[in-house]
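Geometric and topological summary
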Amino acid sequence: MRQNQRQPPRTIPALLRQISRSNDIHEVEEKEAVISAYFLTPVLLLSGLVTSISGRTEIYTFVQSLIFFSVMLFCSAAILVVVRSGLHLHLRNHITGGLISLTILMQMFSGIDAVESVNITFLLIILVIGLMRVDLTLFLYTVLTSIGGGILLWVRLIPAEPLSDLFLHTVELTLFLVILVVGLALHRLFNNLLSVYFSQIIESRKQYRRLKLANHRLTESEKALFRLASRDSLTDLPNREKFLRELDRQCTRAEKPFVVVFIDLDNFKKINDTMGHYVGDRYLAGVAHQFSGCLTAGDVLGRIGGDEFAMIIRSISDKSEVFHYIEKLSSIFDTVFRVEEYQLRTSASFGVSLFPQDASSAVSLLRAADRALYQVKENGKNNICFFNDAMREQMSVEQRIDAALARAVADDELFVVYQPLFGLDSGALLGFEALVRWQMSKSEVIFPDVLIPAAEKTGLIDEIGLWVLRHVCRQIKEIERISGTHYPVSVNVSAGQMRSPQFAGSVTEIIREEQVDPGLIQLEMTESAFIHNLALAASIMAELKEAGVHLTVDHFGEGYSTFNYLRRLPIDTLKIGGQLIREMKQPEEASRLIRSIVTMMHHMSIRVISEGVETENQLSMLKASSCDGVQGFLLGKPMDEKQLALFIRNRAGC
């Protein structure tokens, strides 16, 4: 049983309505006990009144009758007070039962014969009322008191009363016993029925609570999943998708200009490579925290990916104010970042676009800021750049190229030109380098410096690269047919192609299908094609080398220019970039440098070709360096297939 602090309703109909609506067996028992008291009180009062009046006419004085009635009235009133109190249900029932027992005993031992039949009638009414209640306490109090009192009266009357009166009292006691047995049986049956009913309700409520709990957990899980899907786990900033949704919402609802800033941390890869990803992650989290502390109310900061962040600045739009705002952000890099025992001093580059001046959609705004950031990176990093009309024009050209590139292969708009390579001392023809071109229109030819990045960005680099390789295989057989001689041809491989583990298999399959000697295929790749994943590059190159394909490192001296990886990769040829030669102001200095490179490569059984030779002075310098071969406009320009056929015939004397 539980304690109920609320006052029960004052009327029996109200109590019955509560009982009918209740799903709690304890509440039903409590309300039933109150109804019992409401029924018993008037019966007790009426019984006391009858007894007082009858006693006044027989043996009681007026004062005695008044005292008797007052006690009955007090007991009745006390019952009402107790059942409406905040006491525990069990305690209330026991107090009420005790008061009822007191009134019954007072009635039974009043000594008034005239009211005996009336008392018996009232007792039966009390017993029936007690029998009807759910709670057993009141019933037991009334019945057991009546039986006990009846036995005492029966014992007291044995020597004084005639046999007929004793028989009558015996019948009364028997009746009380029968009522007790029947009442207990009915009470148990009634309670069993109620228990089944309420057990179903309780089980339903348990299931409801379980379902509610499961629903709550599911809701919390959904919230957690949504948070994971919209927040960056490392910095707890909005991730790219969340940031773009917020930026799109801002574009839709904006009533005034605002600013988008694209941020890239300079040289972050060096931190990861030299100190490990744990330090890199802690550094990113620290930078994010510092950036967040610089935000103005209403501005949004998100992590776009890797070491890239983006901001929406709603508070200002004037360029000079934006510049000072970003300078404040940049100032956080003036201090040293400490991660465990490491002290990190870095910088950041910022690209800025304005709404609606530069773009009006979320994706376009972010792309414009990214293009401005790219300009900062090209110009040395650690600076701020605003998107401008020149960048817009360049982006328009690139978008036009990207859109048209998809049909270039299908519409046979790509073609290949061939530039010859010559031996430096003998002048003998060593082979050719295949260079892809795109005839975008009758008057517009797209060269590799634009074509290859566009192909990588649009995901067409593998298709175009393999198309070029197949085309070269067929041209090798055509050269052999014309000249009767085998000449190897070099094919350029981009960094995007080298990131595919299937690249080597695709190359060897095409060579096998076209029935070309693998030794006549030389794949050229720049250092950027393998420097970021040397293990994968080594695996691909080993597979190609095993198939008989020759491998060349292109544009050496224009990129990372490290000899370390050359010892780990199966390289056949090294091509020194023309930029290295052109930037050498003193011929003697250039000659010494190239000679040292050649000497080192020859010790590793790697031949050396110098490309980009455009002047006689450069050629003379290279001759003094013991270089194996040269390539450049001075000796031979790229030729299309018709020009190539004529060149081969002239060389062969056909």
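Throughout, a residue's number is its position along its own chain's written sequence, starting from 1. With pLDDT at 70 or above as the cut-off, local features in this predicted model cover only qualifying residues; side-chain atom pairs require 80 or more to be listed or tallied, and sums for whole chains, interfaces and linings still use all residues. Based on all heavy atoms of the structure, the side-chain values leave hydrogens and waters out of the count.

Some thoughts on the overall build of the chain
The line we're drawing: For helices the rule is a DSSP run of H or I covering at least 4 residues; for strands it is a run of E covering at least 2, with both sets numbered from the N terminus onward. When a residue's accessible area, from a 1.4 Å probe over protein chains only, is under 20% of the maximum for its type it is buried; when over 50% it is exposed; and in between it is partly exposed. Contact definition: two residues touch when any of their heavy atoms are within 4.5 Å. Under the convention used here, a 1.4 Å probe and the Shrake-Rupley method define accessible areas, while residue burial counts only the protein chains that appear.
From N to C terminus, the chain includes 22 helices and 16 strands. Per-residue burial over the chain gives 46% buried out of 654 residues. Restricting the contact set of the chain to residue pairs at least 6 apart, pairs at least 24 apart contribute 69%. Counting every atom, the chain has about 33,300 Å² of accessible surface; 57% of that belongs to carbon and sulfur.

Observations regarding the pattern of salt bridges
Rule in force here: What makes a salt bridge here is a side-chain nitrogen of Lys or Arg within 4 Å of a carboxyl oxygen of Asp or Glu, nothing more.
Counted by the stated rule, this structure contains 20 salt bridges. The salt bridge involving Asp 236 is made with Arg 231; its shortest N-O contact spans 3.9 Å. According to the relative accessible area criterion, Asp 236 is partly exposed, its value standing at 36%. One salt bridge in this structure joins Asp 572 and Lys 545, with 2.2 Å as the shortest N-O distance. Of the two residues, Asp 572 is situated in the loop between β13 (550–556) and β14 (573–576) and Lys 545 in helix α18 (residues 534–546); the sequence distance between them amounts to 27 residues. Residue classification places Asp 572 among the buried positions, given a relative accessible area of 16%.

A short note on the environment of Ser 483
Keep this limit in mind: In protein, a polar contact means a hydrogen-donor-capable atom and an acceptor-capable atom, both N or O and within 3.5 Å, with residues adjacent in sequence counting only if both atoms are side-chain atoms; elsewhere, any N or O pair within 3.5 Å suffices.
Secondary-structure assignment places Ser 483 in helix α15 (residues 461–483). Residues Ser 483 and Ala 645, spaced 162 residues apart in sequence, show a C-alpha to C-alpha distance of 9.0 Å. Setting aside anything within four residues of it in sequence, one finds Ser 483 in contact with Ile 648 and Ala 652. In terms of polar contacts, Ser 483 uses its side chain to reach the backbone amide nitrogen of Thr 485, at 3.1 Å.

With respect to the nonpolar core
The criterion, for reference: The criterion is simple. A nonpolar core is a set of buried Ala, Val, Leu, Ile, Met, Phe, Trp, Tyr and Cys residues joined through side-chain atoms within 4.5 Å.
Counting residues in each nonpolar core, the largest one holds 83 residues, and the members touching the most others are Phe 432, Trp 438 and Leu 523. Examining the composition of this core, we find that 9 residues originate from one element, α15, more than from any other. Discounting chain neighbours no more than four positions away, the residues touching Leu 523 are Val 491, Val 493, Phe 503, Val 507, Leu 544, Val 549, His 550, Leu 551 and Thr 552. Among the nonpolar cores identified, the runner-up in size contains 34 residues, and Met 311, Ile 313, Phe 333 and Phe 337 belong to it.

Let's talk about the packing of aromatic side chains
Worth spelling out the cut-off: What counts as a ring pair is set by centres within 6.5 Å for rings of Phe, Tyr and Trp (its six-membered ring), and what kind of pair is set by the plane angle: stacked under 30 degrees, edge-to-face over 60, tilted for all other angles.
Counted according to the given criterion, the structure contains 8 aromatic pairs. Between Tyr 283 and Phe 337 the ring centres are 5.3 Å apart and the planes differ by 80°, which places this aromatic pair in the edge-to-face class. Of this pair, Tyr 283 sits in helix α10 (residues 277–294) while Phe 337 sits in strand β4 (residues 337–339), placing them 54 residues apart in sequence. Using a relative accessible area of 1% as the deciding quantity, one classes Tyr 283 as buried. For Phe 337, a relative accessible area of 9% translates into the label buried.

A closer look at the environment of Thr 458
One can find Thr 458 in helix α14 (residues 448–458). When its relative accessible area of 32% is taken as the criterion, Thr 458 is described as partly exposed. Sequence-wise, Thr 458 and Asp 402 are 56 residues apart; in three dimensions their C-alpha atoms are separated by 6.6 Å. Not counting chain neighbours up to four residues away, the residues in contact with Thr 458 comprise Asp 402 and Leu 405. In this structure the side chain of Thr 458 is engaged in a polar contact, spanning 2.8 Å, whose partner is the backbone oxygen of Ala 454.

Comments concerning the pairing of strand β12 (residues 521–526)
Our working rule: When DSSP finds two or more bridges between a pair of strands, those strands are recorded as paired. We call a crossover right-handed when, viewed with the strands running away from us, the connection from the first strand over the helix to the second turns clockwise.
Taking burial as the measure, the 6 residues of β12 include 5 buried ones, the bulk of the element. Judged from the 5 bridges that link them, strand β11 (residues 489–493) and β12 form a sheet pairing that is parallel. Residue Asn 492 lies in a different strand from β12, and its bridge partner there is Glu 524. The parallel pair β12 and β13, bridged by α18, forms a crossover whose chirality is right-handed.

Concerning the sheet that holds strand β2 (residues 300–305)
Using the following cut-off: Note on definitions: angles span 0 to 180 degrees between N-to-C directions of axes, and those axes are lines fitted to C-alpha atoms, for helices only across the stretch in contact.
Sheet architecture is open: 5 strands sit in the order β2-β3-β1-β6-β7, paired in mixed fashion. Two strands close off the open sheet at either side, each with one partner strand: β2 and β7 (384–386). The average undirected angle you get between the axes of adjacent strands in this sheet is 20°. Pairing geometry for strand β1 (residues 258–265) and strand β3 (residues 308–313), over 6 bridges, is antiparallel. Residue Phe 262 lies in a different strand from β3, and its bridge partner there is Ala 310.

This is a description of form; function is not addressed.
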